[in-house]
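# Summary of the model geometry
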Amino acid sequence: MITGATSGIGLACARRFADNGDRLILNGRNEHKLTELRKELVAKGTEVLTLAFDVRDRQKAKKYIDGLPEGWREIDVLVNNAGLALGLEPEYQGNQEDWEVMIDTNVKGLLTMTRLIVPGMVERNRGHVINIGSVAGDAAYAGGNVYCATKAAVKAITDGLRIDVAETAVRVTNLKPGLVETNFSNTRFHGDNARAANVYKGIQPLTGDDIADVAVFAANAPAHVQIAEVLILATHQASGSVIVRK
């Protein structure tokens, strides 16, 4: 199951896991985009089930997961990808509505999906949770404040889950991308495409496919191997705040 599967890293993961021969449960808010993605993947021979809901809506998430049809209930891999950044203002000038959306999606939404799906993994003594964190979770950068805090929370939540399931065969991974050129910056700047393009100016950023490749690798590692955490940066990015542009 992949959340936020209709764009960016989530979309890339859907395509890469499909190429790997996996059956897919794809989640997103946009039902039309989910339908189009399903058509694309089914045409290539992939079995796909789509669930259109916002991970912020705990009751709706529970309804959909509890209502999974027979044959789809035993989820082997959960990719908690749904997330976003909004704004780049100093914390004392931040938009509180933006903060709430980030916290509700990046932290609470991830926790909701984890709480709904991981008990089944523990009961079956198999499964893998892959959380999409960020280099932003390692250290704050200018204007990142609350977004960085949400990704630091993802790291702590991922580490905590790994501890909690250590007695089982369930594996837990935190993938921490740096600059990835998706619609991430367009969303952060509320549709200001010119401002978003400047984020990647002078550097070759990562792509969603780069992150999806690591997710598929982690999911297909031997059963005794747990890829706990991977920091993935563009060649000329050294940290969340150190980027060499040419």
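The rules behind these values
- Residues numbered from 1 in each chain as written.
- Predicted model: local features only at pLDDT ≥ 70, side-chain atom pairs only at ≥ 80, totals over all residues.
- Heavy atoms only, no water.
- 1 Å grid on protein atoms, 1.4 Å probe; cavity = no way out; pocket = protein on both sides within 12 Å on 5 of 7 lines; lining within 4 Å.
- Points joined across faces, edges and corners; volume = space filled by probe spheres on them.
- Helix = DSSP H or I, 4+ residues; strand = E, 2+ residues; numbered from the N terminus.
- Nonpolar A, V, L, I, M, F, W, Y, C, P; charged D, E, K, R; others polar.
- Axes fitted to C-alpha atoms, helices over the stretch in contact; angles between N-to-C directions.
- Parallel < 35°, antiparallel > 145°, perpendicular 65-115°, else oblique.
- Left-handed = near helix turned anticlockwise from the far one by under 90°.
- Contact = heavy atoms within 4.5 Å.
- Pairing = 2+ DSSP bridges.
- Right-handed = clockwise from strand over helix to strand, strands pointing away.
- Phe/Tyr/Trp six-rings, centres within 6.5 Å; stacked < 30°, edge-to-face > 60°.
- Buried < 20%, exposed > 50% of the residue type's maximum accessible area, 1.4 Å probe, protein only.
- Lys NZ or Arg CZ within 6 Å of the ring centre and 35° of its normal.

### Looking at the layout of surface pockets
The computed volume of the largest pocket comes to approximately 1,100 Å³. Taken together, 48 residues form the lining of the largest pocket, with G83, L84, Y147, T182 and F184 sitting closest to its centre. Residue assignment for the lining of the largest pocket shows that the elements contributing at least two residues are α1 (8-19), β1 (24-28), α4 (96-124), α5 (145-164) and α6 (184-188). The element that contributes the greatest number of residues to the lining of the largest pocket is α6, accounting for 4 residues. Residue composition of the lining of the largest pocket, by class: 21 nonpolar, 20 polar and 7 charged. Within this model, the second largest pocket holds a volume of roughly 390 Å³. Along the walls of the second largest pocket sit 17 residues, with M1, D22, R23, D76 and V77 positioned nearest its centre.

### Considerations on the packing of α1 against helix α8 (residues 208-219)
Contact pair α1 / α8: the axes reach a minimum separation of 8 Å and the direction vectors enclose 50°. Judged by the angle between their axes, α1 and α8 are oblique. Crossing of α1 against α8: the hand is right-handed. Side by side, α1 and α8 meet where I9, A12, C13, R16 and F17 of the first sit next to G208, D209, I211, A212, D213, A215, V216 and A219 of the second. By residue class, the composition of the contact of α1 with α8 is 9 nonpolar, 1 polar and 3 charged.

### Quick look at the pairing of strand β3 (residues 77-80)
Of the strand pairs in this sheet, β3 and strand β4 (residues 128-132) are connected by 4 bridges, and their pairing is parallel. The residue bridging N80 from the neighbouring strand is N131, located in β4. Tracing the backbone out of β3, into α4 and back to the parallel element β4 gives a crossover that is right-handed.

### Regarding the packing of aromatic side chains
For any pair of aromatic rings, the description rests on two quantities: the centre-to-centre distance and the angle between the ring planes. Under the criterion given, the structure shown has 2 aromatic pairs. With centroids separated by 5.3 Å and ring planes inclined at 20°, the aromatic side chains of F53 and Y64 adopt a geometry described as stacked. Within this pair, whereas F53 is found in the loop between β2 (48-52) and α3 (58-66), its partner Y64 is found in helix α3, the two being separated by 11 residues in sequence. The class of F53 is buried, set by a relative accessible area of 3%. The ring of W72 has R23 sitting right over it, with the charged end atom 4.0 Å from the ring centre.

In short, the description is geometric, and any link to function would need to be established separately.
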